[in-house]
Amino acid sequence: MSSLAAFDHPEAPLFSDGLGDRAVAADGATGELLQILRLHPALFAVPSFEFALRERVARLANFRQACYVRVRRVDRAMAPASALAIVSDHLEGTRLSDILSVAQSRGLQLDINAALCLIRQLVPGVAVLHENARDVAHGLIAPERLVVTPNGRLIIVEHVLGAAIEQLQYTRERLWQEFRVAMPPSAGLPRFDHRADVTGMGLVALALILGRPLGVDEYPHQIPALLSEAHARSAMGGQEPLSPALRSWLARALQVDVRRPFASAPEALTALEEFIGEDSTYVAAPVALDTFLSRYSESLLEADVVQPAAWTPEPARLRSQPWPEPSVHAEPPPARSAEPTTFTEIEPDDDADTDVDDFAHSSRGPELLDITDLLGPSELLPDVHDLSELIGSEPLTPMDLEPAPLPLPAATLVAPAAAAAAPIAVAPIAAATVAAAPPAAPASLFNPDAPFTAPELMTPKRGPRGPSKGRIAVIAAIVVVVAAGGFVAMKASRGTAAPAVTGVLVVQSNPVGVAVFVDGVDRGRTPARLELPPGSHILELRGSGVPRVIPLNITAGAEVSQYLEFAEAPAAGQLAVQSEPAGAKVLVDGADRGVAPLTITDLAPGDHLVELQANGASARHTVSVQAGGTASLVLPVGVAPTAGPVSGWVTVKAPFSLEIREDGRLLGSTDSDRIMMAAGRHELELASEPLAYHVSRVVQVRPGKVAAVTLDLPKGAISLNATPWAEVWIDGERVGETPMGNVSVTIGPHEVVFKHPQLGEKRHAVSVTLAGPTRLSVDMK
């Protein structure tokens, strides 16, 4: 097995919760940044945990979506540590749980439009998973598993852990206490299914609207009260009650509305888009989120600014301290034993070409190398015009320094906020500029928004020293860079401002002609080529079915392409018409369509008036036709329409699809809610060819009434085996251990689960028929 990076990293983890610690490491082969989730040992102590985790990672290996972080693999370290970890791509950003904690502690107001901007990214993201893997759920949706990037995108992380955590068989209360996972109420142990994901989305949405994390004692009993007390905050700080549509959506997502709870994310997405489209009270605008994130970054800057202290040399390279990031759990991470690693420690690279803006707006990034790493605070420039005090003089203290008077251009990468907070301002130097100086970090590793922080204090180990050639070379280079920057700034100020550069978004779809909306504004139909200002945007394509919502980021001068497939939705429905007796003339909406029995295949969705005429008599009925569906109508002819209802309905409930026939004529199937038939006695034939099942039932249809047909399904046989062996559950009920022959179960679909204490579990869907014994054998290795 491959060894793990950062398993024994000496520094504090980026983020810790009940799942484990997250650390960042660089791949020694490619140099790519990776994030390592070091799982808590108590989790993989359960034998089936690792098996379920590896199975889910392998199953979602080809699931690539922009709103999900790519999981690369599962690693286990060698003995004695035997630690288990998940290796994913590293993502610059901040956990939503930390953002909410900072907002609560520092009084930051998250207005309703910013909250809806995040909700409108979360729900489509979960819907994509539910649509692409219909029997897979995230299972752990919570603010701790959501990351907000510096450009306002919401990214879902750690989506492969649900099946593994389910193996722990924790109660609903314990899942909330240890992992902050919200589960809907259930008769037995919680199930990590689509309904659980919807509940998690609802809890995240409620926390965003409240503008704070939910307390450990608030779920589940305080949720109805919190929902009734929730208010919508405006950008100006005002509060007003939530609109009825938004409150209703939250109640359905949180499973508080037990009559109409959402069963899946696509269903919740459809309702969300409907109420946002109909309710003009709120606008899910990205600019509202950008404004809040700016205030969030400013609050961190204000709290983290410190004054420089006296500097003493350190034998190793000095590092500037990253921004403190709040953690959900205050306890320190468990100690790890030393372990060899194939990854390299993150160090500045002279050839790096990282985007400065990404670091400038990031609330936390890799460790930054400040100019104080090369020169102590006593060696920084007090005034770039006068070097006499610096060369050949005693070292200065920070109290002797004055701010540099020269204006520094943006090209010097010194942020105004940092320059104002620190007692000096110094331009960073490219590594190629100073040949005699020690290796310096490239300019792209400087964070323009980061506050000045003093290096750690150490005990002095040497006295005053004279100027060295390296120091003089560094000082001279600084003067050249600052002076050149000032000249460029003065020259640029005399000219005209350069026009703003836009990016290009190309949108294509199959079929073409799908409506394109960007940030809620109609931008035409596909194919479309749009010029957009740089920054984050929300792309929405409204074709057949559920609208597709995609968060994206536009870079100046770059071209971004999006291609989506839309399934062709049936534009028409069908109507099967029969008359008693046969041979009646059929008119639909006044148009002659032939003689019954017949099937009409080109009816538009909606209500249609059907009239049957025979022997001078007629019968009328209104039928509702749905797109892609088949409606059935059986009417007697010869009774005046004023004599009252002459038809009723038949409904058949079965766990699988059955064809319904009478005298060999197909009336419909059990997929339909009910079938209209003439009043009287009917002998129906119910059949399923795949299951070899045929049965007849006599039903008496009363005028205007619904006659229900009940079925007592027969039982078939299934034989089960596993290598080496396994316990077997069928539809959640334990039936024994393999090998097992001729187990009696009702015909139809069933879920069979094989469990082994060391090899984990495997799930299979089988269909038991009357044609013969169904055989299922699995290899647990």
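Residues numbered from 1 in each chain as written. Predicted model: local features only at pLDDT ≥ 70, side-chain atom pairs only at ≥ 80, totals over all residues. Heavy atoms only, no water.

A. Focus on the overall build of the protein. Counting its regular elements, the protein contains 14 helices and 39 strands. Going through the 781 residues of the protein one by one, you find that 49% of them count as buried. On the protein, roughly 36700 Å² of surface is accessible, and the fraction owed to carbon and sulfur atoms is 54%. (Helix = DSSP H or I, 4+ residues; strand = E, 2+ residues; numbered from the N terminus. Buried < 20%, exposed > 50% of the residue type's maximum accessible area, 1.4 Å probe, protein only. Areas by Shrake-Rupley, 256 points an atom, 1.4 Å probe, with all protein chains shown as cover.)

B. Structural detail: the packing of helix α9 (residues 244-253) against helix α10 (residues 265-278). It is the contact of α9 with α10, at a shortest axis distance of 10 Å, that shows an interaxial angle of 175°. When the axis of α9 is compared with that of α10, the two are roughly antiparallel. For the pair formed by α9 and α10, the contact residues are Ala245, Leu246, Trp249 and Arg252 on the first element and Glu267, Ala268, Ala271, Leu272 and Phe275 on the second. Of the residues in the contact of α9 with α10, the class split is 7 nonpolar, no polar and 2 charged. (Axes fitted to C-alpha atoms, helices over the stretch in contact; angles between N-to-C directions. Parallel < 35°, antiparallel > 145°, perpendicular 65-115°, else oblique. Contact = heavy atoms within 4.5 Å. Nonpolar A, V, L, I, M, F, W, Y, C, P; charged D, E, K, R; others polar.)

C. Structural detail: unusual backbone geometry. In this structure, proline 220 follows tyrosine 219 across a cis peptide bond, with omega equal to 5°. Checked against the element boundaries, proline 220 lands in the loop between α7 (194-210) and α8 (223-229). Cis geometry is found at the peptide bond from threonine 723 to proline 724, where omega equals 0°. Positionally, proline 724 belongs in the loop between β33 (715-723) and β34 (727-730). Backbone geometry at alanine 692 places phi at a positive 55°, although glycine is not the residue there.

D. Examining the sheet that holds strand β8 (residues 154-156) more closely. An order of β6-β7-β8 is seen for the 3 strands of this open sheet, with the pairing classed as antiparallel. Here the strands that pair on one side only, and so sit at the sheet edges, are β6 (94-95) and β8. Bridge analysis of strand β7 (residues 146-148) against β8 gives 3 bridges, and the strand direction is antiparallel. The residue of β8 that forms the bridge with leucine 146 is isoleucine 156. (Pairing = 2+ DSSP bridges.)

E. Focus on the nonpolar core. In this structure, Leu39, Phe49, Leu53, Leu161, Ile165 and Trp249 are the most contacted members of the largest nonpolar core, which totals 100 residues. The element contributing the most residues to this core is helix α4 (residues 112-132), with 13 residues. Within the second largest apolar cluster, 22 residues are counted, among which are Val650, Val652, Leu667 and Val709. (Core = buried A, V, L, I, M, F, W, Y, C linked by side-chain atoms within 4.5 Å.)

F. A look at the sheet that holds strand β29 (residues 675-678). Across the sheet, which stays open at both edges, the 3 strands sit in the order β29-β26-β32 with mixed pairing between neighbours. Among the strands making up the open sheet, the edge pair consists of β29 and β32 (706-709). Strand-to-strand, the axes of this sheet are offset by a mean angle of 35°, without reference to chain direction. Of the pairings in the sheet, the one linking strand β26 (residues 647-652) to β32 comprises 4 bridges and is parallel in character. Counted as the bridge partner of threonine 651 is alanine 708 from β32.

G. Inspection of the pattern of salt bridges at higher detail. Counting across every chain of the model gives 28 salt bridges. A salt bridge links glutamate 50 to arginine 76; the nearest nitrogen and oxygen atoms lie 2.6 Å apart. Of the two residues, glutamate 50 sits in helix α2 (residues 47-59) while arginine 76 sits in strand β4 (residues 71-76), which places them 26 residues apart along the sequence. (Salt bridge = Lys/Arg side-chain N within 4 Å of Asp/Glu carboxyl O.)

H. Spatial organisation of the packing of aromatic side chains. Going through the model one piece at a time under the given rule, you end up with 5 aromatic pairs. Centre to centre, the rings of tyrosine 170 and phenylalanine 179 are 6.0 Å apart; their planes meet at 5°, and the pair counts as stacked. Here tyrosine 170 matches phenylalanine 179 in class, with each residue buried. Cation over ring: arginine 542 sits above phenylalanine 517, and NZ or CZ is 3.8 Å from the ring centre. (Phe/Tyr/Trp six-rings, centres within 6.5 Å; stacked < 30°, edge-to-face > 60°. Lys NZ or Arg CZ within 6 Å of the ring centre and 35° of its normal.)

I. Seen up close, the confidence of the model for the protein. Averaged over all residues, the pLDDT of the protein equals 74, while 69% of them reach at least 70. Segment residues 479-484: pLDDT under 50, and 8 contacts once partners within four positions in sequence are set aside and those in other chains are kept. Confidence drops under pLDDT 50 across residues 487-497; counting only partners more than four residues distant or on other chains, this segment forms 1 contact. (pLDDT = per-residue confidence, 0-100.)

J. Region of the structure containing the packing of α7 against α9. One can describe the packing of α7 onto α9 by two numbers: an axis separation of 8 Å at closest approach and a directional angle of 140°. Between α7 and α9, the angle is such that the two are oblique. Across the interface between the two elements, Val198, Thr199, Gly202, Ala205, Leu206 and Ile209 of α7 pack against Leu246, Trp249, Leu250 and Ala253 of α9. In terms of residue class, the contact of α7 with α9 is built from 8 nonpolar, 2 polar and no charged.

K. Structural detail: the pairing of strand β21 (residues 591-595). Bridging between strand β20 (residues 585-588) and β21 involves 4 bridges; their strand directions are antiparallel. For lysine 585, the partnering residue across the bridge sits in β21 and is valine 595. With antiparallel pairing between neighbouring strands as the criterion, β20 and β21 make up a hairpin whose turn holds 2 residues, including aspartate 589 at a positive phi of roughly 55°.

L. Representation of the side chain of threonine 526 in the model. Mapped onto the elements of the fold, threonine 526 is located in the loop between β14 (521-525) and β15 (528-532). You can call threonine 526 buried: its relative accessible area is 5%. In terms of polar contacts, threonine 526 uses its side chain to reach the side chain of serine 509, at 2.6 Å. Once you skip the residues sitting within four places of it in the chain, threonine 526 turns out to touch Val507, Gln508, Ser509, Pro511, Val512, Gly513, Val514, Val516 and Leu541. (Polar contact = N/O pair within 3.5 Å; in protein donor to acceptor, adjacent residues only side chain to side chain.)

M. Region of interest: α2. Considered for burial, the residues of α2 that qualify are Ser48, Phe49, Glu50, Ala52, Leu53, Arg56 and Val57. Buried residues in α2 make contact with β3 (33-39), α1 (41-44), β4, β5 (84-89), α5 (162-166) and β38 (760-768).

N. Layout of the side chain of aspartate 17. As for its position among the elements, aspartate 17 is in strand β1 (residues 15-17). For aspartate 17, a relative accessible area of 10% puts it in the buried group. Within the local environment of aspartate 17, its side chain forms a polar contact with the backbone nitrogen of leucine 19, the two atoms lying 3.0 Å apart.

O. Quick look at α7. The terminal C-alpha atoms of α7 lie 24 Å apart, and with 17 residues this matches the ideal 24 Å at 1.5 Å per residue to within 8%. Burial analysis of α7 places 16 of its 17 residues in the buried class, the great majority of the element. Phi turns positive, to about 75°, at glycine 211, one or two residues after α7. (Expected span 1.5 Å × (residues − 1).)

P. The arrangement of the pairing of β3 in detail. Counting buried positions over the 7 residues of β3 gives 6, a clear majority of the element. Here strand β2 (residues 20-27) pairs with β3 via 7 bridges, running antiparallel. Looking at β3, one finds that glycine 20 is bridged to leucine 39. In this structure, the hairpin formed by β2 and β3 is closed by a connection of 5 residues, where glycine 31 is found at a positive phi of approximately 80°. With 5 bridges joining them, β3 and β5 adopt antiparallel strand pairing. Paired with glutamine 35 across the two strands is serine 88, which belongs to β5.

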